Amino acid sequence: MSQTHQDYMLLALDEAQKALHKGEVPVGAVAVFEGRVIASAGNCVEEFNDGTRHAELELLRKAAAVLGRRRLDGVTVYVTLEPCAMCAGAMVLARIDRLVFAADDPKAGACGSIFNIVGHPALNHHPEVIAGICAAEATELLKRFFNNKRKNNPPLN
C-alpha cells in the first residue's frame, strides 16, 4: 500500500510533537525517497542555542548523509510549517524534487506567503510545492504552543 501526502505529514506532525515536548517551536519534517522515509527531524533551536537548527535544515543534513550526496533530487520534504527564507533557500540548493507543507506562515513564509524563494525565476531550481496538507492540525499545534508561551511569559509593561 502506498503512502499518501497526509500519511507522511502525520509523521512530520509526530516530529513537531517531539519538538514541542522539548520546549521547541513545534515544527517537524520528514524526507521521503523512493516511497520510504529516509530522515525525520524537529526544531532544535533551543536545545543547541542555535537559530539555524530549524527542522528543515536538520532534515536536509540527515537526508544527505543517508543518500551519501548533497543533491537531494528524488526527495520529497514534508514539513508542518511553510519554510522560512533560510530553509527555502537550502531546499533549492539541495535540489529537492518536491516540498509539501501544512500551515502557511504569514510572518516568515518564503514559499508563497511573503516571499517565494522556491519559485523565484532567477534561481535555476524550482521544487514542486504542495501546501495545506494537514494545515488545521499543524496550525492548532502552533497556536497551543504560542498561547501557552504568552500565558507563561506575559509581556512587560
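Described below are features of the structure shown in this document. Everything numeric in this text was worked out from a predicted model, so none of it was measured.

### Brief notes about unusual backbone geometry
Alright, step 1. Even without being a glycine, Arg95 presents a positive backbone phi close to 60 degrees.
Alright, step 2. Mapped onto the secondary structure, Arg95 falls in the loop between helix 4 (85–94) and strand 4 (98–103).
Alright, step 3. Of the residues examined, Arg95 reaches a relative accessible area of 21% and is grouped as partly exposed.
Alright, step 4. For Cys134, which is not glycine, the phi dihedral falls at a positive 60 degrees.
Alright, step 5. Its place among the elements puts Cys134 in the loop between strand 5 (128–131) and helix 5 (135–152).
Alright, step 6. For Cys134, a relative accessible area of 9% translates into the label buried.

### Here we look at the sheet that holds strand 4
Alright, step 1. Pairing is mixed in the open sheet, where five strands are placed in the order 2-1-3-4-5. The sheet is open, and its two edges are formed by strand 2 (36–42) and strand 5, each paired on a single side. The sheet shows a mean angle of 15 degrees between the axes of neighbouring strands, direction not considered.
Alright, step 2. Pairing geometry for strand 1 (residues 28–33) and strand 3 (residues 75–81), over five bridges, is antiparallel. The partner of Ala29 across the bridge, within strand 3, is Val79.
Alright, step 3. Sheet strands touched by helix 5: strand 3 and strand 4. Its angle to strand 4, the strand with the most contacts, is close to 55 degrees.

Definitions and limits used
- Residues numbered from 1 in each chain as written.
- Predicted model: local features only at pLDDT ≥ 70, side-chain atom pairs only at ≥ 80, totals over all residues.
- Heavy atoms only, no water.
- Helix = DSSP H or I, 4+ residues; strand = E, 2+ residues; numbered from the N terminus.
- Buried < 20%, exposed > 50% of the residue type's maximum accessible area, 1.4 Å probe, protein only.
- Pairing = 2+ DSSP bridges.
- Axes fitted to C-alpha atoms, helices over the stretch in contact; angles between N-to-C directions.
- Contact = heavy atoms within 4.5 Å.

That's the geometry; what it means functionally is another story.
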